Amino acid sequence: KEDSVKQSKIKIIHADEGSPHPSFANTHLLSGNVIFEHDSTKMYCDSAYFYLDSNSFEAFSNVRVNKGDSIRLKSDTLFYHGIERTADLNGNIVYDDKKMHMVTESLH
């Protein structure tokens, strides 16, 4: 039986600085104009923890998510789960797509 969803890795497109986390294996600290890409979605932030083993990351400050030309999302923080393709966002969230505008403090 084949998986209907092919697993893809989150890509780091850019970070001004990056280094392995001093205490946690397979975790990278990224800072400065950080850009991630997963499938057709680009995610931006000022700093992040990237967890290689779980294909996930935590993003902090000036978080933006763009999916094609249809979805725009802003928040203070984001935890993105690459395997499940889900996100938990917190703080000053603004969501816009072609049909809806929403403002909230938390979103899954």
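For the structure, check the block above.
Scoring rules and cut-offs
Along each chain, the written sequence defines residue order, and numbers are assigned to residues from 1. Whole-chain, interface and lining totals are the exception, using all residues; otherwise, since this is a predicted model, local features are given only for residues with pLDDT of at least 70 and side-chain atom pairs are given and counted only at 80 or more. With hydrogens and water set aside, each side-chain value is computed from the structure's full complement of heavy atoms. Put simply, DSSP marks the helices as runs of H or I at least four residues long and the strands as runs of E at least two long, and each gets a number from the N terminus on. Note that the radius of gyration is over C-alpha atoms, with the globule rule given as 2.2 Å times the number of residues to the power 0.38. Note on contacts: a residue pair qualifies if any of its non-hydrogen atoms lie within 4.5 Å across the two residues. The method behind every accessible area is Shrake-Rupley, applied with a 1.4 Å probe, and residues are considered shielded solely by the protein chains displayed. Residues scored as charged are limited to Lys and Arg (positive) and Asp and Glu (negative), so that His and the chain ends carry no count. All charge positions are set by atom: Lys at NZ, Arg at CZ, Asp at CG, Glu at CD. Accessible area is worked out with a 1.4 Å probe on protein chains only. A residue is then buried under 20% of its type maximum, exposed over 50%, and partly exposed in between. Here a polar contact means two N or O atoms within 3.5 Å. Within protein one must be a hydrogen donor candidate and the other an acceptor candidate, and residues neighboring in sequence count only if both atoms are side-chain atoms. Working definition: rings of Phe, Tyr and Trp (its six-membered ring) pair if their centres are within 6.5 Å, and the pair is stacked with planes under 30 degrees apart, edge-to-face with planes over 60 apart, and tilted otherwise. Whether a charge sits over a ring comes down to the Lys NZ or Arg CZ being within 6 Å of the ring centre and within 35 degrees of the ring normal. Here, strands pair whenever DSSP counts at least two bridges between them.

Caption draft 1: Broad picture of the overall build of the protein chain. Counting its secondary structure elements, the protein chain contains zero helices and eight strands. Here the C-alpha atoms of the protein chain give a radius of gyration of 14 Å, agreeing with the 13 Å that 2.2 N^0.38 yields for 108 residues. Expressed as lengths along the three principal axes of its C-alpha atoms, the size of the protein chain is roughly 40 × 40 × 20 Å. Sequence-distant contacts, at least 24 apart, represent 27% of the contacts inside the protein chain between residues at least 6 apart. A total of about 6,900 Å² of accessible surface is found on the protein chain, and carbon and sulfur atoms cover 52% of it. In the protein chain, the 12 positive side-chain charges and the 16 negative ones have mean positions that sit 8 Å from each other.

Caption draft 2: Quick look at the environment of asparagine 92. Along the chain, asparagine 92 turns up in strand β7 (residues 86–96). The exposure class of asparagine 92 is partly exposed, given its relative accessible area of 49%. Leaving out residues up to four positions away in the same chain, asparagine 92 has contacts with Lys74, Ser75, Asp76, Thr104 and Glu105. Polar contacts involving the side chain of asparagine 92 include one to the side chain of aspartate 76, which spans 2.8 Å.

Caption draft 3: Representation of the packing of aromatic side chains. What the rule picks out here adds up to five aromatic pairs. With centroids separated by 5.7 Å and ring planes inclined at 80°, the aromatic side chains of tyrosine 49 and phenylalanine 60 adopt a geometry described as edge-to-face. A residue pair is termed long-range when its members are at least 10 positions apart, and tyrosine 49 in strand β4 (residues 41–51) and phenylalanine 60 in strand β5 (residues 56–67) qualify at 11 residues. Judged by its relative accessible area of 32%, tyrosine 49 is partly exposed. The structure contains a cluster of three or more aromatic residues connected by ring pairs, namely Phe36, Phe50, Phe57 and Tyr80. Above the plane of the ring of tyrosine 44 lies arginine 64, whose end atom (NZ or CZ) is 4.4 Å from the centre.

Caption draft 4: Focus on the pairing of β5. Here β4 pairs with β5 via nine bridges, running antiparallel. Looking across to β5, one finds that tyrosine 51 is bridged to serine 56. Joining the antiparallel neighbours β4 and β5 is a turn of four residues, in which asparagine 55 adopts a positive phi near 50°. Two elements, β5 and strand β6 (residues 71–81), share 10 bridges in a ladder whose sense is antiparallel. The residue of β6 that forms the bridge with arginine 64 is lysine 74.

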